[in-house]
Amino acid sequence: MTRIGVFICHCGHNIASAIDIEKVVEYAKGLPGVAYAGHNLYSCSQEGLGSIKKSIEDNDLDRVVVAACTPRTHEPLFRRACEQAGINKYLFEFVNIREHCSWIHAKEPEAATEKAKKLVAMGVAKAALLEPQEEGESEVVPRTVVIGAGISGLAATASLLEQGIETHLVERGDRVGGLLKDISMVGPEGICSRDLIEALVDDIENSPKAHLHLNSRVKELKGFIGNFDVIITKGDEDLTVKAGAIIVATGAQELQPKGEYGFGEHPAVITQLELERRLGRSGLAAKKIVIVNCTGSRQPGREYCSRICCNASLKNAIRILEANPEAKITILHRDIMSCGTTAEALYREASEKGVRFVRYGLEQKPGISTHGKSIKLKVFDEALDESIDLDADLIVLATPLVSPDDSEETSKLLKVPRDKYGFFLEAHVKLRPVEFATDGVFVCGSARWPVSARESIWQGQAAAAKASIPISEGKVRIEAITAEVDSEKCAACGNCVLACPYEAIEIVDDEGRRAAKVSEAQCKGCGTCVAACHNDAIQQKGFSSRQLGAMIDALARASTEGTQ
Amino acid sequence: MNDFNPNILAFCCNWCSYAGADLAGVNRLQMPPNVNVVRVMCSASVKPEYVFKAISQGIDGVLVLGCHIGDCHYLTGNHRTAKRIPLAAKILDKVGIDSRRVRLDWVSAAEGEKFQKVVTEFVEEMRSLGPNPMKEVRF
Ligand SMILES: Cc1cc2nc3c(=O)[nH]c(=O)nc-3n(C[C@H](O)[C@H](O)[C@H](O)COP(=O)(O)OP(=O)(O)OC[C@H]3O[C@@H](n4cnc5c(N)ncnc54)[C@H](O)[C@@H]3O)c2cc1C
Ligand code: FES
């Protein structure tokens, strides 16, 4: 008989608010093969992991089931804890009761609790049949591909090159720099963007290991961590690059607020990025300038704060006043988000220099009327509790960063998820902020979420550091989920040979008996061969037909016998 | 709407559909609590036998979800799924089980909303079909 330990996680309120943890623990105690069941407030915390390890020792457990979040992010953590407590990490089974239960049945606590019990019963049934496994290793191609040559992609590339790692930087445009190409001065510190870009480009151009591909795109991505095939296309030429890791730095674009405040109709209504371009070129002729913050953001459909716009408005207001102290600048805002010491100082400076701040609400958005060149705005000032009239000869709309038009395409190409606004989703907000759940693919900069240039550089460097781990190790472990053949059962029919997408199986003579044989280094662990076998002779480690069959049995049993 | 609560099994491939289900969770998309997910690496590892086993044991419906055709993490794995699962459904039909109890669909890692839709529709469909007749069979 096995001695399975079951640990149910509260995940703070994330799970416990919908699922009655005590009931699930009590239920788990009665499941076959379970020697211990308990719960943790946060199983993944040091304290939680420590208590799991202690329970393993105290209760002489030989298998572990954790019911918590998703194996796609947390499995390695718990597997490691098992290993540390002396249990082979393949004797661990993950049950997802957060993404697949408490979060999606938040308003049905009873049903969610019942479902959690079923899921735990299934996990325990599989765990009882798990077997210890050894992992193989495969070589890592010492090369990376970075997609997007904005400031984050440049920072990532420079940092990889600094570590001596050959890097291909793929940019769809004809120049590097991304959004910063149009932003001459980077706030809140007031740094020249050309200097920033050139410092990084210098590092890149001086390295023999750098390959810059302008006017290019990634057309196809195949393979796995350590061994990707990336097809880079330029015009009608394709180039296949083998790489060990990929960094996504595709950035964001400024929302074009069609129809808002006369944008697209009146030439004196422009976006902040256009203001940046004009300030960078020749300065401004306009004297009465109104900047409307939060245009198109923090409203139904696009609820988020784009984080960078308030600071950009403050920076630009001060720049205009420095060049022309007579200018009259009003910033219409809904809250000023100028976090941190430097940005807050910018806010104070803008106030001292005479920038007028007027707070408006979403219910009464400013109204605009135009007569020839002159523009009038009617704004309900929330502080005064009355409407005021403003004259303007330039209206600047501070709109949010949005995901690039083709981010859906990129997400399909790389098979990485996006959030509901189209920005890419990292593997874990806190623990794995620059990684995707797919091993070997990393993300940085505004591709993830609107961030400042400084944060883009941080993240680019962080992604580069993460990507360099498998490359400097030179090897990645092969998860022990490969297929293996029971030659006694094998009839050498060759179905699996045909089914395998990797040509990893062949029929060989095994001491006078013909049987299929899987090459472990070539097997990627998809299990396609398993379903092709009529004799149940080929099994995938960790997903055997007995293990999955036991889960089906457990689910059927839970519904006929109930989960009380 | 009747109050029959179907018990449903879903096989989700690790790379797309399981991730899509995770995304539905992250975005707090609400759906009926009748579907229990089993993670497999690829939809192509789902043996038709699993479907028969589930149905013969009284599970009311089986969903098999994988990456869209062309997007399978294992190149052409799901081309096999696309042949096998409809065949399994046909076989069920031959033995008198409504073939709608098995459904194959594609849900990408980015399609949390599609996961919600597939689950909601399938649960509704199973509800309208009523309990799996195999539940009454005791050997
Ligand atoms: C008006 C405005 C003012 C700003 N002011 C400031 C400021 O004062 N201070 C500050 O810190 N930040 C500021 N920012 C924010 C700053 O611009 C961003 O933080 C920064 O540009 C993000 O860099 P990135 O590399 O992540 O993305 P991006 O700059 O968007 O670069 C992404 C690059 O990837 C390329 N790309 C996209 N998709 C693909 C693909 N599929 N294949 C190949 N290449 C692709 C793009 O062409 C682009 O070159 C401002 C932003 C705006 C809009
Ligand atoms: S990995 Fe998703 S269907 Fe093959």
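In what follows, the structure referred to is the one given above.
Remember, it's a predicted structure, so these values are computed and weren't measured experimentally.

### Points about the side chain of A:Asn96
One can find A:Asn96 in strand E4 (residues 92-96). Judged by its relative accessible area of 5%, A:Asn96 is buried. Separated by 3.1 Å, the side chain of A:Asn96 and the backbone nitrogen of A:Glu99 make a polar contact. Of note is the side chain of A:Asn96, whose polar atom sits 3.4 Å from the side chain of B:Tyr18. With near-sequence residues (within four places) excluded, A:Asn96 lies in contact with A:Ala68, A:Cys69, A:Thr70, A:Pro71, A:Leu119, B:Tyr18 and B:Asp22.

### Comments concerning helix H1 (residues 17-26) of chain B
Residue and element names in this part refer to chain B. Across the 10 residues of H1, nine count as buried, placing the element largely inside the fold. Those residues of H1 lying buried are Ser17, Tyr18, Ala19, Gly20, Ala21, Asp22, Leu23, Ala24 and Gly25. Phi turns positive, to about 55°, at Arg28, one or two residues after H1.

### A word on the site of ligand 1
Residue and element names in this part refer to chain A. Surrounding ligand 1, one finds 34 residues, the nearest of these being Glu171, Leu179, Lys315, Val451 and Ala453. In the environment of ligand 1, an oxygen atom lies 2.8 Å from a nitrogen or oxygen atom belonging to the side chain of Ser152. The separation between an oxygen atom of ligand 1 and a polar main-chain atom of Gly187 is 2.8 Å. Summarising the interface, the protein chains cover 95% of the accessible area of ligand 1, which totals 1000 Å² for the free molecule. Mapped onto the shell around ligand 1, the elements with two or more residues apiece are helix H7 (151-162), helix H9 (272-281), helix H10 (309-323) and helix H13 (453-473). The element best represented in the shell around ligand 1 is H9, accounting for three residues. Counted by class, the shell around ligand 1 contains 16 nonpolar, 13 polar and five charged residues. In this structure, the shell around ligand 1 is formed jointly by two domains, domain 2 (143-252 + 403-476) and domain 3 (270-278 + 287-401), each of which donates at least three residues.

### What about the pattern of salt bridges?
Residue and element names in this part refer to chain B. Enumeration over the complete set of coordinates arrives at 50 salt bridges over all chains. With a closest N to O distance of 2.9 Å, Asp60 and Lys135 form a salt bridge. One end of the pair, Asp60, is in the loop between helix H2 (48-56) and strand E3 (61-66); the other, Lys135, is in the segment after helix H4 (112-129), and 75 residues separate them in sequence. Lys135 carries the same exposure label as Asp60, and that label is buried. Between Lys114 and Asp105 there is a salt bridge whose closest N-O contact spans 3.1 Å.

### Some details on H13(A)
Residues and elements named next belong to chain A. Taking 1.5 Å as the rise per residue, H13 with 21 residues should run 30 Å; its terminal C-alpha atoms sit 31 Å apart, in good agreement. Of all the bends in H13, the greatest, near 25°, is centred on Ala467, and the proline Pro470 appears no more than four residues after it. What H13 keeps buried is the set Ala453, Glu455, Ser456, Ile457, Gly460, Ala463, Ala464, Ala467, Ser468, Pro470 and Ile471.

Basis of the calculations
- By convention here, each chain's residues receive numbers from 1 onward along its written sequence.
- To read the labels, note that chains go from A and ligands from 1, taken in the order they are written.
- Given that the model is predicted, a residue must reach a pLDDT of at least 70 before its local features are reported, and side-chain atom pairs must reach 80 or more before they are shown or counted; all residues, however, enter totals for whole chains, interfaces and linings.
- Each side-chain value is derived from all of the structure's non-hydrogen atoms; neither hydrogens nor water enter the calculation.
- A run of H or I in DSSP counts as a helix once it spans at least four residues, and a run of E counts as a strand once it spans at least two, with each numbered from the N terminus.
- When accessible area is computed with a 1.4 Å probe and restricted to protein chains, residues below 20% of their type maximum are described as buried, those above 50% as exposed, and intermediate ones as partly exposed.
- N or O atoms within 3.5 Å of each other form a polar contact, as long as, within protein, one can give a hydrogen and the other can take it, and as long as residues adjacent in sequence are counted only when both atoms are side-chain atoms.
- In this description, contact between two residues means that some pair of their heavy atoms is separated by no more than 4.5 Å.
- Nearness of a residue to a molecule or strand requires only that one of the residue's heavy atoms be within 4 Å of it.
- Each accessible area is a Shrake-Rupley result for a 1.4 Å probe, and residues are judged covered by the shown protein chains and nothing else.
- Gly is placed with the polar residues, together with every amino acid not listed as nonpolar (Ala, Val, Leu, Ile, Met, Phe, Trp, Tyr, Cys and Pro) or charged (Asp, Glu, Lys and Arg).
- For the domains described, the bounds stem from an automatic or database domain assignment.
- Basic side-chain nitrogens of Lys or Arg form a salt bridge, by our definition, when they fall within 4 Å of a carboxyl oxygen of Asp or Glu.
- The span you would expect from a helix comes to 1.5 Å times its residue count less one.
- For a residue, the bend is simply the angle between two axes, fitted respectively to the seven-residue segment ending there and the seven-residue segment starting there.

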